[in-house]
Amino acid sequence: MLRDVSRVLHVTCFLWLVSSVGHGRRRTRQAPGPNMCSVQQVYGTGEKFYTRCVARHLRMICERPTYVRWDCCSGYEREPGRQGCTKEKPLENLLETARTLGLSEFVRHVEVNNLTDLLTSQGAFTVFAPSDQAFRDASAFARTHVQPKDGSDSLLLYHVAPGKLPLSTFRSRNQQFVTLYQGNKIRVNKYAYGVATVNCARIIRPDEKATNGVIHVIDKVVKPLQVEGNLAEKIFADSRYSQFQMALFVSEMVNLLRQQGSGYTVLAPTNQAFSQLPSDLLDRILTDATTAEKVIRHHVVKGVYCGDAIVVSVGLKTLDEGRVLFRCTRGGLKANGARVVDQDHVATNGILHGIDKVLLPDAVKEPTDLMEEMLVKKLLEMARKAGLEHKLNNVTNVTIFAPTDDAFARLPSRTRAALRKDPLEVGRMLDFHIVKGQLTEDQVIGSLELNTSLSPSINPATIKVNVFRDGVAVDTAETMGPLRQCGKAAVQKVSKVLVPPEHTLMTLIEQDRGLSIFRQAVESAGLSELLNEWGRYTVLAPTNRAFSHLDQHRLDRLLNDPERLKKFVSRHIINRMVPRCEVPDKGTYSVKSRQGDLTVFNYDTRGNLLVNDLIAVRQWDRLATNGVLHRVDDVLKCSCERSLTSSRRYRYRSRNRRYYTRLRY
């Protein structure tokens, strides 16, 4: 019973803290009393972020909720019976200020090393003072050199820099300042949200003023950069990175990590990470210089990014122009899908983090690897079941159009069944989705005709690509998401399964019994040849039912007058392809017909495609070798013909309601 009550109280407390996060910004604006500063605390941890250590209130830090409490600002303390912190403390020297801050271990080491006079009567200095916990967690090197037995300088002097350096002084991600420790320099980095680090030790309490300087409390005892060595030396001194070392040698990238001046962050995969790679890819990385360089460059970021600086996430650009998302989670730091298992190895020219997974750049992946990441599962499943995965991987300099899983689900059941049963059908389908050349975004301009990888002597086929305002159309499909490229191919996701057209627009009209009157009109107008020749046309073909609404006597007169009829039929032809995907979800798409009148495409509130606001497109995107055909349920009004309808009233569907109207021509 008591255990249940305890759980209820714990959950209630947690919910109260989480709910208080939502009001954090309001609370941080108005302190409960004068001279009070907010302290952000991370629920479930001992982490505290003082005012100006994190520039604004964050609801979550490392995927944990935060809450705000108030404390006296630096230099103030509470007075009994008064709200806030009204008592101003007199400034003291650096040593006494450290004592007041509770830095007992730091004070003790100062006194043992005879540095009392330095921090009490000399200056001005900036002191990066480690907390008591930092001294307890210090490395063996730090403990030995903080209190050296050979009479040499104490490592504490490395934590002291000449001059006053408040937090506002640190404005870049890589500044170095001379210290009192044999002239060695200390590196300070400033990051997003106001976080700052000193040799990757986070400043946890900044700007504590003293009469002879300023104190920043840090969470580590730091070592001189010169002791650490450069990035190449750090990597080659650790046997856990022997595979990465070999890749560095093969790629001839070692010298880059020896250079001084430019700071780098290296995400180095461990040997165990390399062991998870396919053997053929691992061999290429460790023997081929080009492949090794691509992989190494994808693991190096310009700039120094310490682990403690990441309180939420930051997107980093690698040397190969790739992207890595560096984020802090409940389980620790992660870089894309890799976990940081060895954090913050400081070097003279940067920082090293060990990761448990090799971050492969697209350039060394197989096309099927890209498709896996792009969630094109159905296409891969069909290719593998048919034993045709080699068609996707054993390619050179091609573009693969990869239909989405939803695209396959929308195929007619007969087509899906054929793809399931017949590997030859799968092979033909794959062939029509592969075109020669890697088609980058810069190369997609205007209107393109792309040859597929089918042998022209067997079945010549082309894919039409057209650029419109909101994207790119591939035949009647729309491209989705960014193009991905590897060494062999470019992969572009599309919204439909591409089907090679077999007939011209005129043949489609002739084969459709419901378009027999329109076929007669096209033939009588002398436009059959136009719709049989090469081109990119859109035909809005009225059905026989649409023609039945017209006055038959007037229609007969029109059909017997070739000149008038040619203008009327041309009103239903557009000299460019307009597939449905080009029509914006909101707004209209306007284009002139071959005759000259404006044709307007848009959608009603139910998502139905309309022409000129009233005419519904009943069947769309019937692809031909020379364009696209849409069946419409009415003839289009033409400025060339004023009187074609009878006096009867007909029903039309508008956007949200039904109403009767009279057609007037």
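Residues numbered from 1 in each chain as written. Predicted model: local features only at pLDDT ≥ 70, side-chain atom pairs only at ≥ 80, totals over all residues. Heavy atoms only, no water.

A. Region of interest: the packing of helix α18 (residues 413–421) against helix α19 (residues 423–432). It is the contact of α18 with α19, at a shortest axis distance of 5 Å, that shows an interaxial angle of 110°. Comparing the axis directions of α18 and α19 gives the class roughly perpendicular. Mapping the contact onto sequence places A418, L419 and K421 in α18 and P423, E425, V426 and M429 in α19. Along the lines of polarity and charge, the residues of the contact of α18 with α19 split into 5 nonpolar, no polar and 2 charged. (Axes fitted to C-alpha atoms, helices over the stretch in contact; angles between N-to-C directions. Helix = DSSP H or I, 4+ residues; strand = E, 2+ residues; numbered from the N terminus. Parallel < 35°, antiparallel > 145°, perpendicular 65-115°, else oblique. Contact = heavy atoms within 4.5 Å. Nonpolar A, V, L, I, M, F, W, Y, C, P; charged D, E, K, R; others polar.)

B. Structural view of the pattern of salt bridges. All chains considered together, the criterion is met by 34 salt bridges. Between E77 and K87 there is a salt bridge, with its nearest N and O atoms 3.5 Å apart. Taken together, the residues E77 in strand β5 (residues 76–77) and K87 in strand β6 (residues 87–88) connect sequence positions 10 residues apart. Since its relative accessible area comes to 29%, E77 is described here as partly exposed. A relative accessible area of 40% means that K87 is categorised as partly exposed. A salt bridge links D362 to K365; the nearest nitrogen and oxygen atoms lie 3.4 Å apart. (Salt bridge = Lys/Arg side-chain N within 4 Å of Asp/Glu carboxyl O. Buried < 20%, exposed > 50% of the residue type's maximum accessible area, 1.4 Å probe, protein only.)

C. Seen up close, the environment of L319. One can find L319 in the loop between β16 (313–317) and β17 (323–329). Taking the C-alpha atoms as reference points, L319 and I296, separated by 23 residues in sequence, lie 8.8 Å from one another.

D. Spatial organisation of the state of the cysteines. Scanning the entire structure with this criterion turns up 5 disulfides. Covalent S-S linkage joins C62 and C328, the inter-sulfur distance amounting to 1.8 Å. Residues C62 and C328 are joined through a disulfide that is right-handed, its torsion about the S-S bond being 95°. Placement of C62 in the loop between β3 (60–61) and β4 (64–72) and of C328 in strand β17 is noted, with a sequence separation of 266 residues between them. Residue C62 is classed as buried on the basis of its relative accessible area, which comes to 19%. A sulfur-sulfur distance of 2.2 Å marks the disulfide that ties C638 to C640. Between C638 and C640, the S-S torsion sits near 120°, and that sign places the bridge as right-handed. Residue classification places C640 among the partly exposed residues on the basis of a relative accessible area of 26%. Each disulfide in the protein links cysteines that, numbered along the sequence, combine into the pattern 1-4, 2-8, 3-5, 6-7, 9-10. (Disulfide = S-S within 2.5 Å.)

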